[in-house]
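# Structural overview for review
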Amino acid sequence: MTGAEPAQPPVSALEPWPDTVRWQPISRDLIWVELLRLAIVLAVLLLGLGVGWAFSGHWLLGAALGAVLLAGLWRAVTIVRAVHAWGYAEREHDLLVRHGLLVRRLSIVPYARMQFVDVSAGPLERAFGLATVQLHTAAAASDARVPGLRPAEAARLRDRLTALGEDRAEGL
């Protein structure tokens, strides 16, 4: 066995983050977008619960206020980790999109199955210079999205995916 390379262990179907792929990360600015969204929701909930507690004085509203605060803090921590878990990889015949913490998800979208590609950016995304690329296939359950991309990268990915989808679809 001299000169032979050691055998690589097979990639498990239960390991959705294969090391054989070069993953592209998304922008960390998406953390701020998601934290601002969370802050808006928390502000509305906390204001409503606070006013209700101030007028009624019922202990249950005070407990709900504390629970919402704790849940908000927990969600803020998970937002940071969740954004770091997002990634995408362009391969020869398909696009891989990964995300998730507790439930890890890997979407594999064959270029030939794509029907169209959307690029969108809401007000918060635009404020941070971000966009989301949404891939649409014939099966609604297989739609994938890549959030947190800079507009130039979103446009490049959209154009590349559209061109590859047209090339691959010709053979069908």
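Quick caveat, the model's predicted, so the values are computed rather than measured. Residue indices follow the written sequence of each chain, beginning from 1 at its first position. Under the rules for a predicted model, residues below a pLDDT of 70 receive no local features and side-chain atom pairs below 80 are neither given nor counted, while totals for whole chains, interfaces and linings still include all residues. Hydrogens and water molecules were not included; the side-chain quantities draw on all heavy atoms of the structure.

Another aspect to go through is the overall build of the chain. Helix and strand assignments follow DSSP, with helices taken as H or I runs no shorter than four residues and strands as E runs no shorter than two, numbered in order from the N terminus. Regarding its fold elements, the chain presents four helices and seven strands. What you see in the chain, going N to C, is helices and strands ordered as β-α-α-β-β-β-β-α-β-β-α. Within the chain, buried positions represent 31% of all 172 residues. For this analysis, residues touch if any pair of their heavy atoms sits within 4.5 Å. At a minimum sequence separation of 6, the contacts of the chain that also span at least 24 residues come to 50%. When accessible area is computed with a 1.4 Å probe and restricted to protein chains, residues below 20% of their type maximum are described as buried, those above 50% as exposed, and intermediate ones as partly exposed.

pLDDT: the predictor's confidence for each residue, scored from 0 to 100. Overall, the predicted model of the chain reaches an average pLDDT of 85, with 84% of residues at or above 70. Looking at the elements of the chain, mean pLDDT is at its lowest for helix α4 (residues 151-169), recorded as 86, and at its highest for helix α3 (residues 123-127), recorded as 95.

Quick look at the pattern of salt bridges now. Two side chains with opposite charge may pair up if their charged atoms get near one another. The salt bridge definition used is simple: a Lys or Arg side-chain nitrogen within 4 Å of an Asp or Glu carboxyl oxygen. By the definition in use, this model includes seven salt bridges. Put simply, R150 and D29 hold a salt bridge, and the shortest N to O gap is 2.4 Å. Here D29 lies in helix α1 (residues 29-56) and R150 lies in the loop between β7 (144-149) and α4, a separation of 121 residues in the sequence. Using a relative accessible area of 24% as the deciding quantity, one classes D29 as partly exposed.

The next point concerns the sheet that holds strand β6 (residues 131-137). Pairing between strands is defined by DSSP: at least two bridges between them are needed. A sheet is described by the order of its strands in space; here three strands give the open sequence β5-β6-β7, paired in antiparallel fashion. Each edge of the open sheet carries a strand with a single partner, namely β5 (114-120) and β7. On average, adjacent strands in this sheet sit at an angle of 15 degrees to one another, irrespective of strand direction. For β5 and β6, the ladder comprises six bridges, and the chain directions are antiparallel. Its bridge partner lying in β6, V119 is registered against V133. Note on method: axes are straight lines fitted to C-alpha atoms, helices fitted across the in-contact stretch only, with angles between N-to-C directions ranging 0 to 180 degrees.

The subject of this paragraph is the sheet that holds strand β4 (residues 105-110). The antiparallel open sheet is built from four strands, whose spatial order is β1-β2-β3-β4. With one partner strand each, in any of the chains shown, β1 (24-25) and β4 form the two edges of the open sheet.

Our focus in this paragraph is the environment of S27. Mapped onto the elements, S27 comes out in the loop between β1 and α1. With sequence-adjacent residues up to four places away left out, S27 is seen in contact with V83, L130, G148 and R150. Two N or O atoms form a polar contact when they lie within 3.5 Å of each other; inside protein one atom must be a possible hydrogen donor and the other a possible acceptor, and for residues adjacent in sequence the pair counts only when both atoms belong to side chains. Only 3.2 Å separates the side chain of S27 from the side chain of R150, close enough to count as a polar contact.

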